[in-house]
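# Structure at a glance
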Protein chains: 2
Amino acid sequence: MTDRKEELNVAIESQAAKVRQLKAEGADKSIVDPEAVILRTLHQELAALDGGKKTKTAKNSFTLKTAKGTKDYNDKDMAIREKVFSTITKVFKKHGAVTIDTPVFELKDILSGKYGEDSKLIYDLADQGGEECSLRYDLTVPFARFLAMNGKEYQNLKRYHIAKVYRRDQPAMTKGRMREFYQCDFDIAGTYDPMIPDAEILRILCEALTNLDIGKFTVKLNHRKILDGIFEVCGVPHDNIRPISSAVDKLDKLPWEDVKKEMTVEKGLDEQVADKIGEYVKLKGGRDLLDKLSQDKVLTANKNASEGLADMALLFDFMDAFDITKLMSFDMSLARGLDYYTGIIYEAVTEKSAPPKMTDGAVVDDSKNKKKKKASGKDGEEEFDESTVGVGSIAAGGRYDNLVGMFSGTNKKGEPNLKIPCVGVSIGVERVFSILMAKQQSADIKSNETQVYVISVGDSLLKERMELAKELWDNDIKASFMFKTKPKLDKQFAVCEKEHIPLAVIIGRDEMDQGMVRIKDMRSKDAAQGGGVSIQRTEMVATLRSKLAEL
Amino acid sequence: MTDRKEELNVAIESQAAKVRQLKAEGADKSIVDPEAVILRTLHQELAALDGGKKTKTAKNSFTLKTAKGTKDYNDKDMAIREKVFSTITKVFKKHGAVTIDTPVFELKDILSGKYGEDSKLIYDLADQGGEECSLRYDLTVPFARFLAMNGKEYQNLKRYHIAKVYRRDQPAMTKGRMREFYQCDFDIAGTYDPMIPDAEILRILCEALTNLDIGKFTVKLNHRKILDGIFEVCGVPHDNIRPISSAVDKLDKLPWEDVKKEMTVEKGLDEQVADKIGEYVKLKGGRDLLDKLSQDKVLTANKNASEGLADMALLFDFMDAFDITKLMSFDMSLARGLDYYTGIIYEAVTEKSAPPKMTDGAVVDDSKNKKKKKASGKDGEEEFDESTVGVGSIAAGGRYDNLVGMFSGTNKKGEPNLKIPCVGVSIGVERVFSILMAKQQSADIKSNETQVYVISVGDSLLKERMELAKELWDNDIKASFMFKTKPKLDKQFAVCEKEHIPLAVIIGRDEMDQGMVRIKDMRSKDAAQGGGVSIQRTEMVATLRSKLAEL
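In this text, all values refer to a predicted model and were calculated from it rather than measured experimentally.

Parameters and conventions
Residues numbered from 1 in each chain as written. Chains lettered and ligands numbered in written order. Predicted model: local features only at pLDDT ≥ 70, side-chain atom pairs only at ≥ 80, totals over all residues. Heavy atoms only, no water. Salt bridge = Lys/Arg side-chain N within 4 Å of Asp/Glu carboxyl O. Helix = DSSP H or I, 4+ residues; strand = E, 2+ residues; numbered from the N terminus. Buried < 20%, exposed > 50% of the residue type's maximum accessible area, 1.4 Å probe, protein only. Least-squares fit on C-alpha atoms with pLDDT ≥ 70 in both. Contact = heavy atoms within 4.5 Å. Buried area = accessible area lost by both parts, 1.4 Å probe. Polar contact = N/O pair within 3.5 Å; in protein donor to acceptor, adjacent residues only side chain to side chain. Nonpolar A, V, L, I, M, F, W, Y, C, P; charged D, E, K, R; others polar. pLDDT = per-residue confidence, 0-100.

Let us now look at the pattern of salt bridges. The full count for this structure, using the stated rule, is 79 salt bridges over all chains. Two residues, D474 of chain B and R203 of chain A, come together in a salt bridge whose shortest N-O distance is 2.8 Å. Taken together, the residues span two chains, with D474 of chain B in helix α16 (residues 462-474) and R203 of chain A in helix α6 (residues 196-212). Classification of D474 of chain B as partly exposed rests on a relative accessible area of 44%.

As structure tokens, this is what we get:
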């Protein structure tokens, strides 16, 4: 606890200095704002550590707080959240996706042996008699379990799932690492002709990120078979391929020298082999790189590499048809952590303000970060891992053809009874929320959708306000009024301002007697008391509708 | 296990007989269908008990199933579910509601002492070091905890929350009683002038149920203070008021004689007192009943009763203004289980096919049902309890002014530091799903939203299909194509039929060469190969848009 506080205080000091400097340099708002958000979040976490006020009740004393690593999402948070979900969902549905919901907990056995050493982060339910259960750790394993159970009906499936997952990790709000957080997954399951669903997944990813309005982004792209082929032709022993791959995966945050050291000193690779790998993994480009690799006779003689290159050639054609090639970077240093990928892999990064990936422990202390990194490795990371992907990385995924088979049981030959190949992507929505929250002031966020406030002047007119509201509701107009018998005019106006309610229907006794109402645009700066236009009450709904259509 | 199977077999036999009889009588579809659904559900549960196939993998043997009392929601379930949620959410938003999300687990202390003897149904998380946590049991207690923590910012709040809650109860699929299920809550928190938010909650409930299209319904309405006043003037000792109230609550499923017996034999009430209560609780009506009670000098001399009657007089005025009085039944037998209600209480029931409430254990064995009922009582039931509300009851709620204070700590006088009165309603969405699922065949439910299928005739034309799909996506048209290099025409047509895709864009080599495409309405019964209208490719988007607008 105290350690973390110290870390936070150091981080706050350093981050505050950074923000001050950026401001002094006259840096662009889009650069300063995200940094300011990080600063605010650090402050929040520190406050939360100090907080959790002890509350005494007659019966018992308890701490009034949410559980560690969880938080409430208030109305403003939820308004942003819903906007993000609806933007993403709209794209998913445009591509024919259905949604499927699985329980928040699974039998413990279902999750066992799927997450490597990160299995220690799984939340178990208490033994209260009955089955052993655990909270889901991601959405991919439950999806694979669903396919294994219902595979006959769902040989072909485009499904999305937006839901919370659970990890007993050390929370760090600055990195959006919570113990309860959202994942937003889209997967295509089924046997199809090569690379067609893979291309559509990438198209979906590009559409979603474009529509989310989070600035420019690039999708880094690689193929596991090409990578494995490279390791093979460079001379990496078979059982060292995954560890070496995991070292390569750190190239986006560590210099080559450090990665090489990990390969040679820690993982015992021959230095010449490491140098050969170094030549390959620094390559990046587009179709030009594919052409270059395809002319590499050593590489193309390798079965894995040659299959991967054939896949990539097809994929480039399909990406051209989908007009997304321009957003891709074919990047030989992308390795992705998860063991279960079998084909293409990808990771989207935002272009602006992309500091080094921060993956463990410390917030700003990079040396510590590196050290812990080495200890934990990247095995067991899931498809898009909120807890280990740092600022900049916004979505990730790949092809995994063998996961469903792990649940289907095996035949006498040891082959899975059911093989449903899958390709999927996971969008890091927590990171998207942070970016979007940074773009606006909390007070500017409209969290309800009320369009019209029914206001009385002078008299109470409660029943009349109720009848007017009822008429508006009957006509599908979003309306509210003050729950007071005799509301003050300035208080009613204040509600409109606070809740960003654009229109008001204003009534007084005289107007009611004459069958009139006043309609006022609350965004205008008329004198509070006056303003607005008097119309026949019978015209009210039509007038409001036409005004609302203009908003 | 075997007991339950036997129960199910008995229930299936009896229900099958009922369905046969209804059919033989030529009963209306709206009567037969819900009964058939119950039958199907019984069969499903039986199959599930028999099911859960053991799967052996190389490493270990495990059961491939979801945890007890939980289930996957497939694409068809989710399509109905989303329709229900969006209908309800639309009504909530029309009334100015925001949404707030709380974590799925809370500190154990937060939930302690809130659910009476049903606390045994709370799921605890395993002790893996750190805080003791439990899965939420309802959405009301977390909401009260949120208000207690953030009360200063949220003195006035209309919030809804649709989310899953968890109870380690004996599952019974026929009654929609699962261990993981949805609640759908709307609450208004804050201090306002009397009965105004209460009236709006009732209006919201009526709007939501009307829009859900589940048939006719009535809202039973009562007031805790009137009920308590009646018990007081009849002579119920103070500490027996809640137990007697809980007996009265069973009048909707037990005859008066049984309830009286519970009051006298079990709960030691004087028989004359019970008879006096009997006179009151058989009363139901509308404003006429309010007038009648208001002329009852004995009753109006009681403080509680007189306050309750004054509330109801106001409420009837407001319900008139909101035009919902016609949907209400002022019903003195409605008592509601939860202890924490302090004002009006209500329960919506569907009018069609409303068999007796079934609340525990057995599915059809009523005697057993009654026996178990007596044993468990109704204390601790939550606001709208999926697990204890039977067929017919569809929503419930009431005013609870003291729950938030339980979390805020007390001052020296023992009064809560923070008092935020609340009134709320919970819609039993699981029951709504059942009703709506019963209305349609699974095959008729369109679970994706695809509008246009891009089809090729004869040649592969894969890249051309991709380019067409891309053009449609760019124009926000929901489009798919077959992930095959050389798809067969009949297979492509079959997808349109299975997925209810209304339109197709059909291309052949000749058409492509001429810059033409064919648009076909897939719902028409043209000869499969032919049909459709040839148009310029440049007209494709505009033509599809106008056709989609007509759908």
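When chain A is fitted to chain B, the best match, at an RMSD of 0.1 Å, comes from turning it 180 degrees and sliding it 0.0 Å along the axis. One copy is carried onto the other by what is essentially a two-fold rotation axis. Comparing interface residues between copies, 100% of those in chain A also lie at the interface in chain B; the contact surface is shared.

At the interface, 99 residues of chain A touch 99 residues of chain B. Of the roughly 8700 Å² buried between chain A and chain B, counting both surfaces, carbon and sulfur atoms make up 58%. Linking chain A to chain B there are 17 salt bridges. Taking the shortest distance from any N to any O, the salt bridge between K65 of chain A and E131 of chain B comes out at 2.7 Å. Connecting chain A to chain B are 44 residue pairs in polar contact (both at pLDDT 80 or more). Counting residues per element, the side of chain A that touches chain B draws most heavily on helix α16 (residues 462-474) of chain A, which supplies 7 residues. For the side of chain A that touches chain B, the class distribution of residues is 43 nonpolar, 21 polar and 35 charged.

What follows covers helix α8 (residues 241-248) of chain A. Among the 8 residues of α8 of chain A, 6 are classified as buried, and the element is accordingly described as predominantly covered. Packing partners of the buried residues in α8 of chain A comprise α7 (224-234), α9 (256-266) and α10 (271-281) of chain A.

Right, let's talk about the confidence of the model for chain A for a bit. Of the residues in chain A, 85% reach a pLDDT of 70 or more, and the chain-wide mean stands at 85. Scored below 50 in pLDDT, residues 353-391 of chain A makes 109 contacts in the model with residues more than four places away or belonging to other chains.

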